[in-house]
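# Fold and geometry: a report
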Amino acid sequence: MIARAREPLIFEHSRPGRAARAQWPAASAEDERSAEHIPPALLRRRPAALPELSELDVVRHYTRLSQLNFSIDTHFYPLGSCTMKYNPKACNAAALLPEFLARHPLSPPELSQGFLACVYELQEMLKAITGMRGVALSPLAGAHGEFAGVAMIRAYHRSRGDPTRNEILVPQAAHGTNPATATMCGCVAREIPVDADGDVDLSALRAALGPRTAGIMLTNPSTLGVFERRIEEVARLVHAAGGLLYYDGANLNAILGKVRPGDMGFDVMHVNLHKTFSTPHGGGGPGAGPVGVAQRLLPFLPLPIVGRDGGPASAEGGGESESDDRGESDDRGEGQSVRYRWLDERDLPQSIGRLAGFGGNAGVLLRAYVYLRLLGREGLQRVAEFATLNANYLSARLQQVGYDAAYPRRRASHEFILTLRRQAQELGVTAMDVAKRLLDLGFHAPTTYFPLLISECLLIEPTETESKETLDAFVTAMTRILQEAREDPERLQRAPYTLPVRRLDDVHAARELDLAYRERRPQESSDAAAS
Amino acid sequence: MIARAREPLIFEHSRPGRAARAQWPAASAEDERSAEHIPPALLRRRPAALPELSELDVVRHYTRLSQLNFSIDTHFYPLGSCTMKYNPKACNAAALLPEFLARHPLSPPELSQGFLACVYELQEMLKAITGMRGVALSPLAGAHGEFAGVAMIRAYHRSRGDPTRNEILVPQAAHGTNPATATMCGCVAREIPVDADGDVDLSALRAALGPRTAGIMLTNPSTLGVFERRIEEVARLVHAAGGLLYYDGANLNAILGKVRPGDMGFDVMHVNLHKTFSTPHGGGGPGAGPVGVAQRLLPFLPLPIVGRDGGPASAEGGGESESDDRGESDDRGEGQSVRYRWLDERDLPQSIGRLAGFGGNAGVLLRAYVYLRLLGREGLQRVAEFATLNANYLSARLQQVGYDAAYPRRRASHEFILTLRRQAQELGVTAMDVAKRLLDLGFHAPTTYFPLLISECLLIEPTETESKETLDAFVTAMTRILQEAREDPERLQRAPYTLPVRRLDDVHAARELDLAYRERRPQESSDAAAS
Amino acid sequence: MPFIPHTADDVRDMLATLGAPDIEALFEEIPPHLRVQELDAIGRGLSEFEVMQLMRARARADGTPLCFLGAGAYEHHIPAAVWSTITRGEFYSAYTPYQAEASQGTLQTIYEFQSMMASLTGMEVSNASLYDGASALAEACLMAVRANRRARGTHIRIARSVHPHYRQVALTTAAGQGLTFEELPFDRASGRTLLPDGAGGTRDAGSAHGAGDISAVVIQQPNFFGVLEDVDAVTDWAHASGALLVAVVNPISLGVLKPPGEWGAAGADIVVGEGQPLGCPLSSGGPYFGFMTTRLQHVRQMPGRIVGRTVDLEGRPGFTLTLQAREQHIRRARATSNICTNQGLLMMAGTVYLALMGAQGLERVAQISRARTAQLVRALTAIPGVRRAFSAPLFHEAALMLDRPVAAVLRALAARGIVGGLDLSTLYPQLGAALLICATETKTSQDIRRYAAALDEVLRAPPAAGDAP
Amino acid sequence: MPFIPHTADDVRDMLATLGAPDIEALFEEIPPHLRVQELDAIGRGLSEFEVMQLMRARARADGTPLCFLGAGAYEHHIPAAVWSTITRGEFYSAYTPYQAEASQGTLQTIYEFQSMMASLTGMEVSNASLYDGASALAEACLMAVRANRRARGTHIRIARSVHPHYRQVALTTAAGQGLTFEELPFDRASGRTLLPDGAGGTRDAGSAHGAGDISAVVIQQPNFFGVLEDVDAVTDWAHASGALLVAVVNPISLGVLKPPGEWGAAGADIVVGEGQPLGCPLSSGGPYFGFMTTRLQHVRQMPGRIVGRTVDLEGRPGFTLTLQAREQHIRRARATSNICTNQGLLMMAGTVYLALMGAQGLERVAQISRARTAQLVRALTAIPGVRRAFSAPLFHEAALMLDRPVAAVLRALAARGIVGGLDLSTLYPQLGAALLICATETKTSQDIRRYAAALDEVLRAPPAAGDAP
Ligand SMILES: Cc1ncc(COP(=O)(O)O)c(C=O)c1O
Ligand SMILES: Cc1ncc(COP(=O)(O)O)c(C=O)c1O
């Protein structure tokens with residue numbers, strides 16, 4: 001369900017002199033007198049062109065805009081690689097407790113023990129889940145974690161007097177952030193092909209490995225929706241060549257509590273907390289991309305990390321006593337003494353350094369912590385089990401009704417790929433057409449054209465929180481689309497029909513750049529924008 | 001903007017064995033042992049037919065359902081007599097502070113001073129606004145306040161040894177709650193006609209007054225959208241006949257800070273806090289209907305009331321010192337000593353008694369308190385001014401485009417009436433048709449067929465929070481409708497077209513009663529329902 | 001201007017349209033001498049920030065004590081999904097669904113609520129909420145008198161173990177229409193309601209009313225003391241007396257207890273109660289919601305809004321307010337009630353709560369609440385000077401007897417951050433130093449130990465002079 | 001099962017479709033010896049109630065101290081309408097708007113954000129957010145090197161008065177690509193950045209880099225000490241050196257201060273900053289959002305998402321992600337950045353905040369924050385042993401010198417429920433016992449008095465042994 005009408009720009013609602021005045025701070029008489037003089041040359045001459053609105057204008061505008069979106073709370077959203085599952089509302093409720101929200105990031109540790117305890121325990125739980133020896137929570141998204149990881153790989157080689165290793169191998173199907181990260185870290189990304197069943201081509205891997213190899217970035221299950229079966233062989237080869245293995249944690253949902261990157265031989269990884277551990281994606285974030293490392297990379301972890309004074313550092317985490325589990329031992333303000341504190345340069349002199357202004361996206365970390373406490377050990381494993389069950393079931397059903405799986409001989413992991421290659425050739429209907437038509441039928445589209453390796457592909461990730469009925473309804477819609485593709489392909493090619501806009505012209509968008517509102521828009525051509 | 005698709009019943013989403021298990025309380029080993037035995041005869045044999053759902057099912061279902069509604073946050077909602085204005089979000093934020101929400105209504109006064117201070121100050125502010133001498137906040141909506149008011153009128157007469165006065169006069173145009181209240185209180189409602197300009201017919205009033213007169217219920221401005229100009233004469237006549245005057249506060253928004261019921265001669269009144277003082281209406285409530293009384297009715301106020309020990313009882317309210325205004329003096333937990341407490345039977349032995357389980361709809365009272373503090377003295381007056389300006393402007397513009405005002409010679413108050421009498425006769429188009437067509441054009445309909453006195457009427461209340469652009473857009477829509485009425489009346493008669501359902505059959509609803517879901521619905525006829 | 005969008009230009013243009021010199025001119029019909037002179041009691045307007053500072057300070061002043069008080073308002077866990085859903089603007093800021101086509105969200109939710117409440121209480125139809133439990137009982141009394149064509153009078157028999165506030169509200173509300181109430185006492189040992197001797201039809205000793213005079217009998221399950229009444233016997237006695245049986249129930253208890261529709265041979269006739277335990281915070285006393293269910297045969301006597309499923313122009317199903325001829329806006333003086341605005345949003349909270357918990361979740365809440373209360377009773381009665389007041393089985397409240405006046409004990413507990421319960425002596429002086437306590441699933445064993453330790457400490461102090469109960 | 005809807009029947013039917021005996025069979029491709037053996041560190045799953053109890057206790061343990069700490073994160077009033085709007089499920093639980101037609105709400109909001117930020121900073125184009133202010137600066141450095149075709153090297157001059165964390169993040173981030181950084185010192189008396197002698201083109205003393213080598217100059221306004229820099233001079237010097245000027249700004253300050261687009265003769269080239277002050281709570285350090293604006297000519301070097309207005313099949317306007325060829329999912333190894341997920345929701349908070357405040361509201365917030373800081377400085381420097389560290393005009397932060405080590409003073413203040421500021425000696429050891437303080441419009445005169453009284457009390461105690469600064 002989605003609203004059909006369109007909504008003017010906020011600037012079009014604006015009227016000179018209108019204002020939400022209750023939001024303006026009240027000045028005291030003292031205020032008028034007190035501020036220091038600012039040199040006139042430093043002052044703003046014209047006010048910014050912000051809209052002038054009543055509070056109702058603003059609320060109504062953004063409420064109406066919201067209704068133009070698909071979302072998890074309203075739609076099935078099987079966007080492959082993005083793990084768009086239901087995020088329990090309790091995670092938000094806990095992260096939004098007033099004291100957490102009011103806490104300044106540089107608050108003294110005496111006034112931060114409650115918060116730091118959560119963060120510390122999250123570090124410990126992530127270690128247990130990933131099989132890593134150390135975890136740093138500060139990276140602010142998956143790609144940020146990747147950066148930290150590759151930077152640590154480089155720091156490691158450099159620390160061993162091996163600074164020329166600057167090649168990062170990535171499988172053909174890797175997410176774009178993997179090669180982009182390699183470049184950002186000053187490395188060279190080198191692509192490795194996969195074989196017909198989606199596994200890494202080992203001979204190509206062997207050929208690529210060498211004295212310049214810094215490491216390899218893999219996600220397993222891969223973005224092809226299959227588990228890399230020879231992962232141990234891959235690890236052996238890369239390690240033998242002197243490289244390290246980076247695990248892209250975007251697909252962790254598939255293996256939670258089933259198999260651990262650390263046990264597969266990975267040296268470093270990130271976790272997309274916002275995917276696997278329940279932060280609503282917010283239309284583009286926030287996320288959090290904690291990094292985990294094996295023993296040899298511990299000294300290089302980014303700053304800051306929460307440390308604990310006293311007691312064995314890794315003996316707890318989520319596995320507390322029953323009474324702490326019930327939240328009771330904390331309840332009475334026990335422990336005003338400082339147990340937890342941020343570790344910094346002085347504690348970790350070899351750290352790659354700081355990646356963010358403060359200690360990480362605390363709100364996301366708290367959500368992940370709450371989610372993990374809600375799930376517990378068994379719940380964690382169920383996530384992987386039912387995500388996998390749903391993907392395999394949906395894949396089987398869609399193949400039954402006439403779609404082609406990219407890897408029909410493989411078990412799907414938490415996601416799988418359909419290819420519309422045949423339909424594109426025979427009927428002139430593309431994966432994009434199917435995607436747009438799905439929107440009309442009330443489903444968010446799967447990921448399209450990723451991985452690029454598979455032509456006309458749809459990457460479908462149903463997640464564990466969707467019911468069989470929803471999957472069956474999706475199959476019904478896909479069946480109808482296939483029928484339309486045969487009977488009336490143009491109907492698909494011109495979809496969607498029922499959304500607030502018809503299909504949008506991306507080429508026009510890039511040619512006639514219109515990136516900001518101006519009341520009277522001068523003619524701009526794409527030339528002006530070319531740098 | 002509104003969603004178009006329909007949503008199955010929650011029961012249709014249900015599957016046996018599904019559950020939102022994180023919501024179930026965890027039992028301890030001790031729990032298993034401890035509960036006392038319940039005699040088997042008192043136990044439930046079959047579980048209730050509640051749906052079985054995942055948390056996502058529930059969230060998605062009710063989120064989708066919400067999108068089927070019009071609301072203030074999404075639409076202009078000029079529902080006459082209902083004061084559908086913007087309710088500042090801060091009112092909700094303050095009322096939903098965790099401590100207020102967690103407070104038990106019977107908490108001891110030592111742990112309630114913060115809450116009681118708000119309630120006490122609200123009582124004082126309402127006195128100032130209404131010109132009444134005492135206020136009780138416990139009635140839970142307007143009609144509940146009416147009940148309290150008429151019950152006080154009866155108690156007053158009885159206390160004076162005049163128990164036979166049981167006639168309550170109401171003008172023809174009165175809201176249905178007025179006569180219904182009279183009946184509920186054991187009185188007889190007697191209707192008084194109004195004259196051609198909407199004022200009470202004084203000769204009819206004179207004729208109706210007598211020794212059985214308990215009182216008269218009026219709202220001023222009246223539900224005809226005009227100010228009763230001879231209110232003082234009305235008061236004189238009623239008082240002379242031994243009756244009391246009840247003021248229906250539903251229209252207080254029109255006169256806030258401009259004129260006070262107490263000064264007009266009213267003896268008792270209610271205030272619809274949820275209309276005038278900013279509680280979102282919640283699809284049918286909650287409300288709050290505090291009652292105010294003049295001196296002679298003070299002893300009869302309903303219970304409980306917040307009293308203050310020490311200091312002159314009425315010397316403050318909203319008019320505190322600057323520092324208190326800024327919320328500063330309270331800030332440091334000053335005054336753990338008990339100043340405020342609930343007054344009960346012992347304090348008010350003549351009270352009509354209790355009307356609600358506890359002290360009133362506290363959440364609504366807090367919102368009203370916050371709203372009043374936000375507005376302040378000037379803001380209060382501006383409400384009346386701009387509500388009146390908007391109504392008069394909209395009335396004038398709609399008359400310009402061809403609609404008939406019911407009282408074209410009068411100033412509108414905060415609302416006004418159009419009559420479609422002419423269009424109904426000439427074009428066969430009713431007020432209901434216009435209302436339904438407005439929905440298609442993105443506006444909630446005005447109140448229809450109330451007051452019944454005016455045939456084919458629309459009662460339109462734009463409120464002060466809507467902008468001129470919105471009013472102008474409404475005029476444009478109404479102009480289009482008038483044109484459609486002339487050119488294609490059937491188009492109106494079959495409206496709406498763009499909502500989740502087409503026009504609904506109310507007759508069918510009342511005949512084939514279907515008031516609750518049953519998995520296999522047995523044939524029911526309306527006969528079975530006739531009592 | 002806060003919350004007013006008009007610019008100076010707007011005002012000028014609008015006044016020009018009206019031919020009015022200024023806004024004041026629009027008030028010209030109000031007699032000038034009536035105009036407000038001063039409003040000194042209202043201070044200057046505050047900014048949102050200032051108001052929030054003030055309110056946060058006020059809220060903080062009251063804190064969040066540990067609460068063992070029930071007495072009609074119960075602290076249960078409220079799933080985060082309840083309020084995040086129902087506070088969506090489209091629900092929150094909509095009016096009563098008069099325009100059905102533009103209100104299907106609210107209407108369908110009400111229909112679902114009605115369905116759930118009917119099933120939960122074992123009845124056939126439900127309304128869309130009343131103000132609260134107490135006023136729902138008052139309405140039920142008035143309704144019973146209208147609905148009971150067999151009874152000659154307007155007399156109600158009400159158990160003394162019904163919530164005292166509910167009885168007071170019924171009295172205040174029904175007095176105007178001449179209803180009379182007589183109380184059924186409770187057994188001092190068991191805490192259960194005593195039926196008159198010869199229950200079954202004959203005029204009972206001490207009552208001015210014979211069987212055929214009684215319009216309704218009101219019983220609460222569990223009763224105000226948390227005691228489980230013998231509802232089957234009361235129901236059968238009421239019916240034998242020609243009365244309707246009005247049941248007051250805690251909806252959470254119906255996860256475990258027999259629904260009123262199955263009480264006795266024929267079941268209750270009208271069921272009312274406080275909906276607050278279903279997803280509504282304690283919230284200092286409100287907003288809560290009252291609920292009412294009944295048999296289909298009485299639906300036209302029911303007060304309040306009712307939603308029905310119907311069809312639209314194209315024959316597709318939809319929802320609308322129905323049986324409005326019962327209501328004040330149509331029937332005016334002859335309406336079943338004057339109720340108009342009710343507790344829509346809270347009713348929605350109840351609906352979402354029930355949808356999330358399901359029958360099994362509700363049963364667990366009920367069972368664990370019972371278990372915690374039993375633990376609490378055990379912990380407190382282990383303290384010298386504390387014993388149970390009644391012997392009959394309990395639900396999730398209990399009356400205890402102390403060895404000294406309860407008020408001072410409660411003050412001492414409050415000073416320790418504990419809301420220790422209700423001083424029953426104010427409502428039932430005959431009981432002496434009786435304390436009503438409650439525990440739900442939100443009270444952990446540590447909470448219970450904390451209360452017991454505090455009470456022990458308080459009671460170890462010798463009673464103050466004149467403190468003997 | 002929490003958060004999993006499958007019934008036993010569902011599982012059976014689904015497995016039958018798959019021809020699999022059980023769910024475990026679906027994991028058969030994972031080498032069995034790799035399967036997880038134990039997960040003891042993860043406890044049992046808690047109920048929502050238990051988790052909320054735990055989290056409330058943890059939150060309460062930290063309390064809500066009175067906070068005078070800024071240093072890159074600022075406590076401003078957040079209108080209630082901001083978060084009630086953006087937490088609506090349709091915004092909150094949507095992904096990055098890849099399917100434009102199903103994401104017009106998010107896309108239009110981003111377009112509005114871009115428009116507001118461009119105007120606020122005086123630039124032409126904005127992206128849709130970066131992670132935070134610090135990482136935005138790092139990206140700006142990388143971008144400047146790409147965009148500055150005139151410069152020969154990859155060298156950045158960065159003022160030492162830029163937030164130390166930002167400098168560290170820039171270093172960590174840009175090190176891999178071989179960027180080098182050199183600091184511009186600040187004047188110990190005024191607190192302002194010192195330009196090299198002979199600023200204007202010649203190789204300056206003590207630097208290994210000549211004018212033509214410098215890709216960018218980075219300056220922060222107001223700087224880390226709250227001091228207002230002479231941004232015109234710095235901008236002109238940068239441009240004269242062939243460098244791009246990267247401005248780091250506090251968006252609230254732009255309600256009053258000259259936008260970077262107007263700095264010097266030609267204006268800044270890239271503007272970045274921390275968006276947190278615009279409607280985002282302090283939130284223990286995040287999520288916040290970084291913003292970046294630039295000139296149209298550099299847009300193709302900009303990292304992050306960008307939304308453009310376009311037309312649909314029928315020629316009607318709509319919004320879509322554009323210039324995606326800069327991004328990792330298209331350009332892969334040659335993308336402008338690896339950023340993918342950014343800070344969408346917080347960017348929305350900023351948008352709604354700016355829409356509510358308008359230019360005038362923003363100006364007031366800035367002015368009153370300045371005034372409160374001035375009052376705070378006056379109140380604290382009236383205490384013996386406290387003086388201002390720098391003489392130049394301030395915005396809403398100030399560095400103070402104490403007569404003893406700051407750390408112990410801050411601990412003593414913390415014990416009194418006050419977060420007294422930042423110990424500058426950890427970041428700028430050369431400054432000695434310096435304390436960075438901040439007041440915004442949320443600090444009332446009573447708050448300021450409370451801080452002054454507490455500090456006075458703390459400083460009256462003689463310094464502990466070895467406590468001399
Ligand atoms: C496989 C894969 N790797 C990495 C990422 C990058 O994560 P983020 O978007 O949090 O930066 C994603 C997310 O889109 C992904 O799907
Ligand atoms: C004129 C008038 N009087 C009384 C009422 C009754 O108020 P409430 O709905 O709060 O019971 C209303 C509300 O509809 C009204 O408009």
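Just so it is clear, the model here is predicted, and its values are computed rather than measured.

### Overview of the overall build of chain C
- Within chain C one finds 12 helices and 15 strands.
- The principal-axis extents of the C-alpha atoms in chain C amount to approximately 80 × 55 × 50 Å.
- Classification of the 469 residues of chain C by burial places 72% in the buried group.
- Restricting the contact set of chain C to residue pairs at least 6 apart, pairs at least 24 apart contribute 74%.
- Of the roughly 12,600 Å² of accessible surface on chain C, a fraction of 52% belongs to carbon and sulfur atoms.
- The averaged location of the 44 negative side-chain charges in chain C is 7 Å from the averaged location of its 40 positive side-chain charges.

### Comments concerning helix α11 (residues 406-415) of chain D
Residue and element names in this part refer to chain D.
- Within the span of α11, buried status applies to V406, V409, L410, L413 and A414. The arc that holds the buried residues of α11, viewed along the axis, is 140°, so those residues lie on one side.
- Two residues or fewer past α11, G417 is found with a positive phi of approximately 75°.

### What about the site of ligand 2?
- In the neighbourhood of ligand 2, 16 residues make up the surrounding shell, with S81(B), G142(B), D248(B), K275(B) and T341(C) lying closest.
- Residues lining ligand 2 come from chains B and C.
- H175(B) places a side-chain nitrogen or oxygen 3.2 Å from an oxygen atom of ligand 2.
- The side chain of H274(B) places a nitrogen or oxygen atom 2.7 Å from an oxygen atom of ligand 2.
- Protein chains shield 99% of the accessible area of ligand 2, which is 380 Å² for the free molecule.
- When residues of the shell around ligand 2 are traced back to their parent elements, those giving at least two are α7 (142-159) and α12 (273-276) of chain B.
- The residue inventory of the shell around ligand 2, partitioned by class, reads five nonpolar, eight polar and three charged.

### Points about the interface of chain D and chain B
- If you look at the interface, chain D gives 19 residues, while chain B gives 22 residues.
- Interface area for chain D against chain B, summed over the two sides, is near 1,600 Å², with a carbon-plus-sulfur share of 49%.
- For the pair chain D and chain B, the interface holds one salt bridge.
- Counting the contacts that link chain D with chain B gives five residue pairs in polar contact (both at pLDDT 80 or more).

### Some points on the site of ligand 1
- Around ligand 1 sit 16 residues in total, of which S81(A), G142(A), D248(A), K275(A) and T341(D) are the nearest.
- Mapping the residues adjacent to ligand 1 onto the chains of the assembly identifies chains A and D.
- Separating an oxygen atom of ligand 1 from a backbone N or O atom of G142(A) is a distance of 2.7 Å.
- Interatomic distance of 2.7 Å between a backbone N/O atom of A143(A) and an oxygen atom of ligand 1.
- If ligand 1 stood free it would expose 390 Å²; the protein chains cover 99% of that surface.
- Where the shell around ligand 1 is concerned, the elements lending two or more residues are α7 (142-159) and α12 (273-276) of chain A.
- Among the elements that line the shell around ligand 1, the one with the most residues is α7(A), at three residues.
- Taken together, the residues of the shell around ligand 1 break down into five nonpolar, eight polar and three charged.

### Quick look at the side chain of N253(A)
Residues and elements named next belong to chain A.
- When you line up the elements, N253 lands in the loop between β5 (244-249) and α11 (261-264).
- Judged by relative accessible area, N253 falls into the buried class, the value being 0%.
- There is a polar contact of 3.0 Å between the side chain of N253 and the side chain of E464.
- If sequence neighbours within four positions are ignored, N253 has contacts with T83, K85, T276, V383, A384, A387 and E464.

### Regarding the packing of helix α6 (residues 133-147) of chain C against helix α7 (residues 164-175) of chain C
Residue and element names in this part refer to chain C.
- Relative to each other, α6 and α7 sit at 50°, their axes nearing to 8 Å. Considering their axes alone, α6 and α7 lie oblique with respect to each other. Considering the relative orientation of α6 and α7, their crossing is right-handed. Residue-level contacts link G133, A134, S135, L137, A138, C141 and L142 of α6 to Y166, V169, A170, T173 and A174 of α7.

### Things to note about unusual backbone geometry
- Of the consecutive residues N220(A) and P221(A), the connecting peptide bond is found in the cis state with omega at 0°.
- Take P221(A): it is sitting in the loop between β4 (213-218) and α10 (231-240).
- The amide bond that connects L303(B) to the next residue, P304(B), takes the cis arrangement and shows omega of -10°.
- Positionally, P304(B) belongs in the loop between β7 (291-293) and β8 (305-308).
- Positive phi values are uncommon outside glycine, yet E456(B) reaches one of about 45°.

### With respect to the domain arrangement of chain C
All names here are of chain C.
- With domains assigned, chain C is organised as domain 1 (8-62), domain 2 (66-73 + 361-460) and domain 3 (81-353).
- The distance between the C-alpha centroids of domain 2 and domain 3 comes to 28 Å.
- The interface is formed by 27 residues belonging to domain 2 together with 34 residues belonging to domain 3.
- Taking both partners together, domain 2 and domain 3 bury about 2,300 Å²; carbon and sulfur atoms supply 68% of that area.

### Brief notes about helix α5 (residues 104-121) of chain D
Residue and element names in this part refer to chain D.
- The end-to-end C-alpha distance of α5 is 25 Å, a good match for the 26 Å that 18 residues give at a rise of 1.5 Å each.
- Counting buried residues along α5, 17 of its 18 residues qualify, which places the element largely inside the surrounding structure.
- Phi turns positive one or two residues past the end of α5, at G122, with a value near 75°.

### Observations regarding the pattern of salt bridges
- Taken as a whole and judged by the stated rule, the model has 122 salt bridges over all chains.
- E121(A) is the partner of R58(D) in a salt bridge, and the nearest nitrogen-oxygen pair spans 3.1 Å. Of this pair, R58(D) sits in helix α2 (residues 48-62) while E121(A) sits in helix α6 (residues 113-130), each in a different chain. As far as burial versus exposure is concerned, R58(D) and E121(A) are alike and both buried.

### Some thoughts on the state of the cysteines
All names here are of chain D.
- Taken as a whole and judged by the stated rule, the model has zero disulfides over all chains.
- In this structure C67 is not part of a disulfide, and its nearest cysteine sulfur, from C438, lies 8.0 Å away.
- Taking the relative accessible area as the measure of exposure, C67 reaches 7% and is therefore buried.

### Remarks on the packing of aromatic side chains
- The tally for this structure, following the rule as stated, stands at 40 aromatic pairs over all chains.
- Plain terms: the ring middles of Y247(A) and F266(A) are 4.9 Å apart, the flat faces sit at 70° to each other, and that makes the pair edge-to-face. Remark: F266(A) occurs in the loop between α11 and β6 (268-271) and Y247(A) occurs in strand β5; sequence separation between them is 19 residues.
- In textbook terms, an aromatic cluster arises when at least three aromatic residues are bridged by ring pairs, as seen for F186(C), F224(C), F225(C), F390(C) and Y428(C).
- Across from the ring centre of F27(D), 5.2 Å away, lies the NZ or CZ of K258(A), which sits over that ring.
- For R491(A), the ring lying beneath its charged end belongs to Y497(A), and the centroid distance is 4.6 Å.

### What to know about the interface of chain B and chain C
- Listed per partner, the contact involves 216 residues of chain B and 196 residues of chain C.
- Inspection of the region where chain B meets chain C yields 11 salt bridges.
- E262(C) is paired through a salt bridge with R45(B); the nearest N and O atoms lie 3.2 Å apart.
- Counting across the interface, chain B meets chain C through 101 residue pairs in polar contact (both at pLDDT 80 or more).
- The element best represented in the side of chain B that touches chain C is helix α14 (residues 362-400) of chain B, accounting for 27 residues.
- The residue inventory of the side of chain B that touches chain C, partitioned by class, reads 107 nonpolar, 56 polar and 53 charged.

### Describing the pairing of strand β5 (residues 214-221) of chain D
Residues and elements named next belong to chain D.
- Where burial is concerned, most of β5 is hidden: eight out of the eight residues are buried.
- Looking at chain direction, strand β3 (residues 155-159) and β5 are connected through four bridges and run parallel. Pairing of R157 across the sheet is with V217, part of β5.
- The pairing of β5 with strand β6 (residues 244-249) spans six bridges and is parallel. Bridging across to β6, I219 finds its partner in A247.
- What joins β5 to β6 is helix α8 (residues 231-240), and the crossover it makes is right-handed.

How each quantity is defined
Residues numbered from 1 in each chain as written. Chains lettered and ligands numbered in written order. Predicted model: local features only at pLDDT ≥ 70, side-chain atom pairs only at ≥ 80, totals over all residues. Heavy atoms only, no water. Helix = DSSP H or I, 4+ residues; strand = E, 2+ residues; numbered from the N terminus. Buried < 20%, exposed > 50% of the residue type's maximum accessible area, 1.4 Å probe, protein only. Contact = heavy atoms within 4.5 Å. Areas by Shrake-Rupley, 256 points an atom, 1.4 Å probe, with all protein chains shown as cover. Lys, Arg positive; Asp, Glu negative; His and termini not counted. Charge placed at Lys NZ, Arg CZ, Asp CG, Glu CD. Arc of directions from axis to C-beta. Near = heavy atom within 4 Å. Polar contact = N/O pair within 3.5 Å; in protein donor to acceptor, adjacent residues only side chain to side chain. Nonpolar A, V, L, I, M, F, W, Y, C, P; charged D, E, K, R; others polar. Buried area = accessible area lost by both parts, 1.4 Å probe. Salt bridge = Lys/Arg side-chain N within 4 Å of Asp/Glu carboxyl O. Axes fitted to C-alpha atoms, helices over the stretch in contact; angles between N-to-C directions. Parallel < 35°, antiparallel > 145°, perpendicular 65-115°, else oblique. Left-handed = near helix turned anticlockwise from the far one by under 90°. Domains from an automatic or database assignment. Expected span 1.5 Å × (residues − 1). Disulfide = S-S within 2.5 Å. Phe/Tyr/Trp six-rings, centres within 6.5 Å; stacked < 30°, edge-to-face > 60°. Lys NZ or Arg CZ within 6 Å of the ring centre and 35° of its normal. Pairing = 2+ DSSP bridges. Right-handed = clockwise from strand over helix to strand, strands pointing away.

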